[in-house]
Amino acid sequence: MALQIKSIEDYHKAYQKSIENPSKFWDEIAKDFYWKKKWDQTLSYDWSVPETKWFVGGKLNITENCLDRHLATKGNQTAIIWEPNDPKVKAKHITYRQLYSKVCAFANVLKNNGVVKGDRVCIYMPMIIELPIAALACARIGAIHSIVFAGFSSRALAARINDSKCKVLLTSDGGLRGDKIIPLKDIADNALKTCPSIKKSIIFKRTRQTVEWIKGRDLWWHEELAKVDDSCPAEVMDSEDILFILYTSGSTGKPKGMVHTCGGYMVYSTYSFLNVFQYRPNDIYWCTADIGWITGHSFIVYGPLTTGATTVMFEGIPSYPDFGRFWEICEKHKVTQFYTAPTAIRALAKHPLSFVTSHDLSCLKILGTVGEPINEEAWHWYNINIGKNKCPIVDTWWQTETGGIMISSLAGITKDKPTFATLPLPGIQPVLLNGDGIEITEIKAEGILAIKQPWPSLARTIYGDNKRYKNVYFSAYPGYYFPGDGALRDSKGNYRITGRVDDVIIVSGHNLGTAPIENAINEHEDIVESAVVGFPHDIKGNALHAYVMTYDGIIQNDKLIGEIRNLVTKTIGAIARPDKIQFVKGLPKTRSGKIMRRILRKIASGDTENLGDTSTLLNPEIVDDLQKGFAKGR
Ligand code: PRX
């Protein structure tokens, strides 16, 4: 593809061009895709609204780029290698032609069940091949998919379905995770009790346990497939039509439904995939993320398939049947690019090296990480033991909101640097701002990260709530996109992301807002109030510490702690369970009633001495109680 950067000179040239004349630059890049009608205007934007449009007037269908376009030249090439949870079960190799046929057939199932362009379809599925098929089938007919990670609870699922009023739910009887069966249909059924918009639920049979059935609403996937053929023309989509909604946590209780559109998302997710991972024909690329997160959307499904790559998807977990599972899969499928999260690297590094050395990893060419800052120790472990000191490591900084990778080295082309995401991709203009929102002009500096110009895959809005979109991303620093992260920059212009500057905590690479967790805890009848903060954790990066205040006379015992943890699991999912719960007499508050989280974070990290200025607190006496109670937290 003409859009691939092949040398450091190419990178500098492309970067320069992209800054001098973004429209001209992206115009040339976008020509490499298949459009049914060319766009009239490359970019139109006004971030005071905020509104951003790319490839205005262009018509396309992303599935024609992911599938149809490859049939003539790559029809028999493997598109997806699916590796099952159980290593004794054979992997599946799905060619582009087979995938095309399956997507078209399932698109017809959706149509048969009343789904039309613009309808929202919720997908709550395990990592089986039907998940990307379902997503692509939606895209084929112009329906908007909203994939909800299959680790979320009934209530979290219901909140997401209701927010975008999904018409159909796609799920499976269950999902396999190691030696456990997750009863997805049961969880989904529970959610559907409060989801009036859902008319049909189509269920794939994966784990074969008995499930409840509601006649008229529930349909078996295989029975519906038996009624259709595999011919389905692609719906003509406007460049700015919605491709999907994906929910991410925010600093209030309500998840934000980030809206991605067809044209810009396709161009930039593919551009960043191709250049960061330097994908070449015959490479076998594996991203270990779940498709329920943006990493899976962009770097298992859309980016690789639009490129015509072979992409691996894994149903299971890194520790089953043992801690060598990732490396066994790399060896077995001769993976060339391996992309995972720092939390997985840290977890695997804790186990004997023999889990790694018993596998031949000479196939690997490029390694990647995503989701949170990678610490120096994990970086070196990855580099030495997995990359054998010969694989470039791309540390990719980006977000659900950005759709594609924003800051990262380009493997083997621009230099990597431990713990640094390094340089922006062409088209991306990061800046560092000081507390007053002024751009810091010194190269070597630390500040608030912001982005100056639109790029094609910026999420266009929060579904149904452009006001909130404006407040969260465009109000704190007018004229910039504000991602919520802090960063430092070295003298060569490399960026290192230092972490969130808002109330979002990244736990095991999962983005969790403190507010929804606190709301869940506060639902317990014995609890007055709570505050959740992160503290450094060896494997998860951050873990959660909940400060909890009960009503007078309540017995603060392990039973109550168990109930609090279960409440969080039930409301959000196991990923949000606090590691530590500390009962307190009160929370440190400012005079305006805002919880002073800085103090709570310090105490939670074990630093009970240097709490800084506490004089502005309404209740400074509480600090002593918090410090004493820290050791007793469970
Ligand atoms: O804080 C940054 C962190 O993850 C946040 C985005 O989370 P999410 O939308 O769930 O998307 C994760 C996968 C793209 C960012 O605001 N983050 C992501 N990648 C990195 C990172 N922090 C440091 N280094 C990274 N490479």
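Parameters and conventions
- Residues numbered from 1 in each chain as written.
- Predicted model: local features only at pLDDT ≥ 70, side-chain atom pairs only at ≥ 80, totals over all residues.
- Heavy atoms only, no water.
- Buried < 20%, exposed > 50% of the residue type's maximum accessible area, 1.4 Å probe, protein only.
- Helix = DSSP H or I, 4+ residues; strand = E, 2+ residues; numbered from the N terminus.
- Pairing = 2+ DSSP bridges.
- Right-handed = clockwise from strand over helix to strand, strands pointing away.
- Near = heavy atom within 4 Å.
- Polar contact = N/O pair within 3.5 Å; in protein donor to acceptor, adjacent residues only side chain to side chain.
- Contact = heavy atoms within 4.5 Å.
- Domains from an automatic or database assignment.
- Salt bridge = Lys/Arg side-chain N within 4 Å of Asp/Glu carboxyl O.
- Axes fitted to C-alpha atoms, helices over the stretch in contact; angles between N-to-C directions.

Draft legend 1. Representation of the pairing of strand E7 (residues 144–147) in the model. Burial along E7 is two-sided: Ile144 and Ser146 facing one way and His145 and Ile147 facing the other are all buried. Inspection of the sheet shows strand E6 (residues 120–124) paired to E7 by four bridges, in the parallel sense. If you follow Ile123 over to E7, its bridge partner there is Ile147. Crossover handedness for the path E6 to helix H5 (residues 130–141) to E7: right-handed. Across two bridges, the pairing between E7 and strand E14 (residues 242–248) is parallel. Note that in E14 the partner of Ser146 across the bridge is Ile245.

Draft legend 2. Structural view of the site of the ligand. Taken together, the neighbourhood of the ligand is formed by 18 residues, with Asp395, Thr396, Thr400, Asp485 and Arg500 sitting nearest. Thr396 has a polar backbone atom sitting 2.8 Å from a nitrogen atom of the ligand. Measuring from an oxygen atom of the ligand, one finds a side-chain N or O atom of Gln399 at 2.9 Å. Elements with a contribution of two residues or more to the shell around the ligand: helix H10 (294–307), strand E20 (393–396) and strand E25 (495–500).

Draft legend 3. Spatial organisation of the environment of Asn383. Relative to the elements of secondary structure, Asn383 occurs in helix H14 (residues 376–386). Separated by 375 residues in sequence, Asn383 and Ile8 place their C-alpha atoms 22 Å apart. Those residues in contact with Asn383 that sit more than four places away from it in its chain are Lys388, Asn389, Cys391 and Ile393.

Draft legend 4. Representation of the domain arrangement of the protein within the structure. Taken domain by domain, the protein consists of domain 1 (8–487) and domain 2 (508–630). Each of domain 1 and domain 2 has a C-alpha centre, and these two points are 32 Å apart. Counting residues at the interface gives 19 residues for domain 1, matched by 21 residues for domain 2. In this structure, the connection of domain 1 to domain 2 is made through two salt bridges. As a salt-bridge pair, Arg155 and Glu523 come within 2.6 Å of each other at their nearest N and O atoms. Counting across the domain 1 and domain 2 interface gives 11 residue pairs in polar contact (both at pLDDT 80 or more). For the side of domain 1 that touches domain 2, the secondary structure elements donating two or more residues are helix H6 (154–163) and helix H12 (342–349).

Draft legend 5. View of the sheet that holds strand E12 (residues 218–220). Ordered in space as E12-E11-E8-E6-E7-E14-E15-E23, the eight strands form an open sheet in which the pairing is mixed. Edge positions in the sheet fall to E12 and strand E23 (461–462), since each of these pairs with one other strand and no more. Contacts between H5 and the sheet are confined to E6, E7, strand E8 (168–172), strand E11 (200–204) and E14, with E6 contributing the most and set at about 175 degrees to the helix. Strands in contact with helix H9 (residues 262–276) are E14 and strand E15 (256–261); relative to E15, the strand with the most contacts, it is inclined by about 85 degrees.

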